[in-house]
Every structure is written in C-alpha cells, then in structure tokens.
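# Close look at the chain arrangement
Listed below, chain by chain, are the residues.
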Amino acid sequence: MSSVAAETPAVAAPVNPRSRVILASLVGTTIEFYDFYVYATAAVLVFPHLFFPKGNDETALLASFAVFGAAMIARPLGAIFFGHLGDKRGRKITLVGALLTMGVATFLIGLLPTYPVAGWTAPALLVLLRLAQGFALGGEWSGAALVATENAPQGKRAIFGTFPQLGAPLGFIIANGLFLAIAALLPSADPSRPSDEFLAWGWRIPFLFSAVMVIVGLWVRLSLVESTAFEKTLRAGRVHKLPLAAVVRAYWKELILGTFYMLATYVLFYLMTTFSLSYGRAPVDGALPGLGYDYKTFVLMMIAGVVFFGIFTLVSGPWADRWGRRRTLIRVTIAIVVFGLLWVPMLAAGFVGVMAWLILGFALMGMTFGPMGALLPELFPANVRYTGSGISYNVSSILGAAVAPFIAVALWSAGGGSPFLVGLYLSAMAVLTLIALLIGRETKDVDIEA
C-alpha cells in the first residue's frame, strides 16, 4: 500500500489561467467604474435639474456634487467590511458580493422618482443608493488588485496590476459614450441643458443597462479559484480573527503612507472627470464663466483624452516593474505638481490648449494610477492585504475625491471663473503625495505570498 501511495502523483492545486486573471480583474473594475461614472455624469448633467428644488443653479450643482461625494464616506466602511471577508473567507466570494451590491444600487437609481414627483424623498433615496455604490466600490478595487497581483508571474506584478486600473478609463468611455449616444438620439436646442425627453426618461437607460454588465462580470468571477497567497495563509493558520485590528496595530504606518500615495491620484482623477465637465460646459459669460463648449463636443474631447489615460495606465506597468514603484511615481508626481501650475495658460490657448490640457491630465492620471494596483497590495502581508490596501485606497478617497469636486467649484467661484486656484489646489495635493513617496520604501521585490 505504501509503495503504491508513494508512486501516486500529487494532485496539483488548481490555479487561475493568466487570461482569466486579467479578464476577471479588468471586467469587474470596468463595471464598477462604469457605474461610478454614470453617476458622475448624471451629477453634472441631470441631477441638478431633477433631484433638487429649482432656484440657484450653482447651489443645485453643489448639492449634486455633495451627494456624489457622500459615496466616498461609505467607501472606507466598505473597505473594512469587504476587507474582513476577503482576508477571512477569500477573495472570490468577496468580489462577487461587491459587484452585486454595486450593480443593484446602480440599477435602482435608474428607477428613482424625481423631486417634482416625490419631494425630498427623491434626493434622500439618491443619497442612500449613492452610499451603497460607495460601500461596494470600497471592496471592489482592492479585491480586483489582489486577484491580479497575487496571481501575477514573477517580476510582472506591476504589469498585471495595471489591468484592474484599466477598468477606470474603459468604464469612463462606455458610460460617457452611452450618455452621448442617448443625448444624440434625444437632442436639445439649448446646449447648456439636456432635452426634455432626456430629462424625462433618457438618463435612466445607462443606470438600467448596468444589470447586463453585472451579469457578465459575475459569470467571469465565479470561474475563479483562490490565489496561492490566500491558500497558504489558510493552511498556515495565519488568518486573523479581526483583520482590521491587526492591520491598524501592526501596519499603521503603511496605512498612512498608502493613503497619501493615492491623494494626488484621486484629486487629479476627479478634477479631470467631474469638475472638467462642469467647467468645459459652463458659458463663457455665465455666472461662473467656463469654456462654453456644448455637452456633446466636450464629452468627445474628454473621451479622446481618456484614451491616453488607458494607454499610459498600461505603459506605467512595465516602467514600475523595471524602475520600481517609488521611483516611477516620484517622477510622475513632480509632473503633476507642474501640470497644476499650467492650467491657466493651457486653458487660455483655445481648442488646442484645452485638448493639450485634457490629454496631458489624463496621461498623467494613467501614469500615477497604474502602479497603484501593485504598490498598495505590496505594502501589506497576505493575511491583512485585502483590508490594508482597501482602507488606504478608500480613506484617500475622502481626503481627495470626496471633497475635490466641491472644493474645485468653490475655488472656481472664488477665482471669479478662473481655474488658477483649482490648478494650485491640485499641485498642493501632489506635494503631499510626493512627501509620502520620499518617506516610503520600494516594494518591487517583496514576497507577495508572505
């Protein structure tokens, strides 16, 4: 018996094919960012008209942005909840739960009554579902990043880590492309306002369409198996009863550094995707002067810029694997500081200057966002990695993304319509990120299975 047993080959543990890893991390984050961008676009284009009392347009826009930012408050809570599940029960089931939560919340937004129909119940329900979106996204990103990096080949973690990051530009293009197509089918005679048909029912289509995308994402993710890093943690009995307590107690410095690593990325991200849509569409001679483009034209310009977001997200992976995460990001962050100081001359240079501003801003976004897919997970060991990377990523969303659109509108107003103070705000946040990068350590060669 013993000799027969000795000759029986051991059954290899199942592993995720690289193509499945790439697809699962990419599809999920594409859907999540699609849902988020659908809301971001509606926050500028639709919600000020439909979910708040009529009166001051600037007040309605700020209220819409406030609801937009409310989701960022829920994101750290989602990071804690889904991080706890991910570090105790596994990455796969947690990712499925996050995706379902996001998809259901987005679909229900498409069914909401508006303020003229339901009064203050309408914005209250909008806030509730927006919080659910933020809660879900709090668990989505870190799980997708772990699927990519924990299954990556040796020396290619940053490259694989860029695939969940690529979901951001893809989600943007799909969401805004769909809004653009609906706006073209339901045209408006007033370039500063959507058509009555668009406001009546057309805006709901992108939210309801998310159900189709979620079904595709679930099909891909349910085919995954757990990563070797998590399985080793289980077998070694290193799973913490309370991952949150463990990561705060032993890795508080990494939590703080990771939060500030993401700060410039988040501020740039939401200035280029949300504030820019308001500034680009605002009339040149309006109460808050802007660039005066109609919605269709400016969204097409943004989509052209987002193409560079995607290209440089992918380009940043080989750079970060070759030169290291820290060295790559220090250079990019210095470039973001300079970019913030160039807003006024670039935006004053007509169409060419605005396009250069969009392309450069989105290219820098790709270069700073791409390496984060590897860097944040590498800061933490496998038994607290989901929680640690998720908290860093999502607490930074409060410091950066939650307040960025609101601060930007206030600075835009304080500057009398000039974007100078908004660009200066971006540069200041980038300086804080630069300081954190100079304090931190290189993580390129850490053992991802430890």
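Anyway, here's the lowdown on the structure attached to this text. Each chain carries its own residue numbering, running from 1 in the direction its sequence is written. Confidence filtering applies because this is a predicted model: local features only for residues at pLDDT of at least 70, side-chain atom pairs given and counted only at 80 or more, and all residues used for totals across whole chains, interfaces and linings. The basis for every side-chain value is the complete set of non-hydrogen atoms in the structure, without hydrogens or water.

On to the packing of aromatic side chains. Between 30 and 60 degrees the pair is tilted, below 30 it is stacked and above 60 it is edge-to-face, where a pair is any two Phe, Tyr or Trp rings, Trp via its six-membered ring, whose centres lie within 6.5 Å. For the structure shown, the criterion picks out 36 aromatic pairs. Ring geometry for Phe160 against Phe163: centres 6.3 Å apart, planes inclined by 80°, an arrangement best described as edge-to-face. Residue Phe160 and its partner Phe163 are both found in helix H8 (residues 157-185); the two are separated by three residues, about one turn of the helix. Each member of the pair Phe160 and Phe163 is classed as buried. When the centroid spacing of 6.1 Å and the interplanar angle of 15° are considered together, the rings of Phe269 and Phe369 count as stacked. Of this pair, Phe269 sits in helix H14 (residues 263-281) while Phe369 sits in helix H18 (residues 350-369), placing them 100 residues apart in sequence. Among the aromatic residues, those joined into a cluster by ring pairs are Phe33, Tyr37, Trp141, Phe172, Tyr266, Phe269, Tyr270, Phe309, Phe362, Phe369 and Tyr393. In DSSP terms, a helix is any run of H or I states spanning at least four residues, a strand is any run of E spanning at least two, and both are numbered starting from the N terminus. Relative accessibility decides the category of a residue: with a 1.4 Å probe and only protein chains considered, values under 20% of the type maximum give buried, values over 50% give exposed, and everything between is partly exposed.

Now for the side chain of Arg91. Of note, Arg91 is situated in helix H5 (residues 91-109). Residue Arg91 is classed as buried on the basis of its relative accessible area, which comes to 2%. A 3.5 Å cut-off defines polar contacts: any pair of N or O atoms within that distance qualifies, except that in protein one atom must be a possible hydrogen donor and the other a possible acceptor, and neighbouring residues in sequence count only when both atoms are side-chain atoms. A polar contact of 3.2 Å, which involves the side chain of Arg91, links it to the side chain of Asp87.

Taking a probe equal in size to a water molecule and rolling it over the atoms shows the remaining empty space. Definitions used for this entry: grid spacing 1 Å over protein atoms alone; cavity, a set of points where a 1.4 Å probe fits but cannot get out; pocket, an open set with protein on both sides within 12 Å along at least 5 of 7 lines; lining residue, one with an atom within 4 Å of a point. Grid points are joined across faces, edges and corners, and a volume is the space filled by probe spheres set on the points. Per the counting criterion, the structure on display carries two cavities of 30 Å³ or more. Roughly 50 Å³ of volume is contained in the largest cavity. Together, Asn16, Arg91, Lys92, Val147, Asn151, Leu224, Val225, Glu226 and Ser227 line the largest cavity. Nonpolar residues are Ala, Val, Leu, Ile, Met, Phe, Trp, Tyr, Cys and Pro. Charged residues are Asp, Glu, Lys and Arg, and all others, Gly as well, are polar. A per-class count over the lining of the largest cavity returns three nonpolar, three polar and three charged. Estimated volume of the second largest cavity: approximately 40 Å³. Tyr37, Ala40, Thr41, Phe172, Asn176, Thr273 and Leu277 together form the lining of the second largest cavity. Secondary-structure elements contributing two or more residues to the lining of the second largest cavity are helix H2 (18-45), H8 and H14. Here the lining of the second largest cavity gets three residues from one element, more than from any other, and that element is H2.

Here we take up helix H10 (residues 204-221). In a helix, the anticipated span is given by 1.5 Å times the number of residues less one. With 18 residues, H10 extends 27 Å between its outermost C-alpha atoms, agreeing within 8% with the 26 Å of an ideal straight helix rising 1.5 Å per residue. Those residues of H10 that sit buried are Arg204, Pro206, Phe207, Ser210, Met213, Val214, Gly217, Leu218, Val220 and Arg221. When checking whether two residues touch, look at their non-hydrogen atoms; a contact exists if any pair is within 4.5 Å. For H10, the secondary structure elements touched by its buried residues are H2, helix H3 (47-50), H5, helix H7 (121-150), H8 and helix H9 (196-202).

Basic side-chain nitrogens of Lys or Arg form a salt bridge, by our definition, when they fall within 4 Å of a carboxyl oxygen of Asp or Glu. In the structure shown here, the tally under the stated rule is eight salt bridges. One salt bridge in this structure joins Asp87 and Arg91, with 3.2 Å as the shortest N-O distance. Between Arg385 and Glu150 there is a salt bridge, with its nearest N and O atoms 2.8 Å apart. Pair noted here: Arg385 is in helix H20 (residues 385-402) and Glu150 is in helix H7, with a separation of 235 residues, a long-range link. Counted as one network, the salt bridges with shared partners bring together Asp87, Arg91, Glu150 and Arg385.

With that out of the way, let us pick up the nonpolar core. Among the buried residues, those of types Ala, Val, Leu, Ile, Met, Phe, Trp, Tyr and Cys that are joined through side-chain atoms within 4.5 Å form a nonpolar core. If you look at the biggest cluster of nonpolar residues, it comprises 123 residues, and the most contacted ones within it are Phe47, Trp203 and Leu358. For this core, the element with the most residues is H2, which contributes 13 residues. Each residue touching Phe47, except ones within four places of it in the same chain, is listed here: Tyr39, Ala42, Phe52, Ser64, Ile109, Leu126, Trp203 and Phe207. Of all hydrophobic cores here, the second largest spans 12 residues; its members include Val21, Phe82, Val147 and Val220.

These values are about where atoms sit, not about what they do.
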